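Each chain is listed here by its residues.
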Amino acid sequence: MSALNQNKSKKFATGWLIVIACMLMQAIPFGVASNIHPQFLKPIMDAEGFGLGAISLMFTVGTIISALFSPTIGKLFNKFPSKIIFTIGAIISAGGVFMLSIAGDKILLFYLGYGISQVGTAAISSIGIPVLMMSWFDDSLRGKATGIAFAGSGLGNIFLQQFAVNWIDKYGYAAAYQRFALLSVVVGVVVSLLLVRT
């Protein structure tokens, strides 16, 4: 096999390893930051006395904060290795989820915590994954690879929702958020450092 063919084969194999890495990021860090929160709404309202409208506003605030930071995150991918941005994004995302565990009766901290988690999520998901897919796949496979990568969110959600119900029931919403934050940062940092590359 020629050196050129060996390089193509190696890039092909590495590209699909990157897809697996992105699936894991979607399944756990993204899933924790974006998919589990509906299970927490009633326990938070019961514990802290918020109305549904007040606590649900954190989703709108989080989306706005993420949108404001997205152009800057996009520029960072042109200046720094993806591994670094994914690692920092995973830490920020988990940090936002942890903030939700200590917000207590301060509604503004829920808004801020969710917003922070969404900024981290933008780096490891909506912006980060397409950047990686463009680096590793040509036009003939990029769409398929991107679709498979994003499918990790649905796969992770199958398990995360069950964990959310069980952990909230057993430990309360605050301790459940802390466990999810720990799970998120461990998986996110390990996957970023070991598997993410451009």
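Everything discussed here concerns the structure shown above.
Keep in mind that what you see is a predicted model, and the values were worked out from it rather than measured.

Draft legend 1. Spotlight on the overall build of the chain. If you tally the helices and strands in the chain, you get nine helices and zero strands. Across the chain, helices and strands are ordered from the amino to the carboxyl terminus as α-α-α-α-α-α-α-α-α. For the chain, the C-alpha radius of gyration of 18 Å lies close to 16 Å, the compact-globule estimate for 198 residues. Principal-axis analysis of the C-alpha atoms places the extent of the chain at approximately 70 × 35 × 25 Å. Evaluated residue by residue, the chain yields a buried proportion of 43% over its 198 residues. Across the chain, the fraction of contacts at a sequence separation of at least 24, relative to all contacts at a separation of at least 6, is 80%. As displayed, the chain has an accessible area near 9,700 Å², and 69% of this comes from carbon and sulfur atoms. When the 13 positive and 6 negative side-chain charges of the chain are each reduced to one mean point, those points stand 16 Å apart.

Draft legend 2. Just a nonpolar patch on the surface, in detail. On the surface, a nonpolar cluster with roughly 400 Å² of combined accessible area is contributed by Leu76, Phe80, Ile84, Ile88 and Ile92. Here the nonpolar patch takes three residues from helix H4 (residues 82-102), the largest share from any one element. With respect to the helices and strands, the residue Ile84 is situated in helix H4.

Draft legend 3. Highlighting the environment of Thr60. Looking at the element boundaries, Thr60 is found in helix H3 (residues 52-79). As for Thr60 and Gly115, which are separated by 55 residues in sequence, their C-alpha atoms are 8.9 Å apart.

Draft legend 4. Structural detail: the side chain of Ser117. Position of Ser117 among the secondary structure elements: in helix H5 (residues 107-124). For Ser117, the side chain forms a polar contact with the main-chain oxygen of Tyr114, separated by 2.7 Å.

Here is what the cut-offs are and how they apply
- Residues numbered from 1 in each chain as written.
- Predicted model: local features only at pLDDT ≥ 70, side-chain atom pairs only at ≥ 80, totals over all residues.
- Heavy atoms only, no water.
- Helix = DSSP H or I, 4+ residues; strand = E, 2+ residues; numbered from the N terminus.
- Rg over C-alpha atoms; globule rule 2.2 N^0.38 Å.
- Buried < 20%, exposed > 50% of the residue type's maximum accessible area, 1.4 Å probe, protein only.
- Contact = heavy atoms within 4.5 Å.
- Areas by Shrake-Rupley, 256 points an atom, 1.4 Å probe, with all protein chains shown as cover.
- Lys, Arg positive; Asp, Glu negative; His and termini not counted.
- Charge placed at Lys NZ, Arg CZ, Asp CG, Glu CD.
- Patch = residues over 30% accessible without salt bridge, like charges linked within 9 Å, V, L, I, M, F, W, Y side chains within 5 Å.
- Salt bridge = Lys/Arg side-chain N within 4 Å of Asp/Glu carboxyl O.
- Polar contact = N/O pair within 3.5 Å; in protein donor to acceptor, adjacent residues only side chain to side chain.

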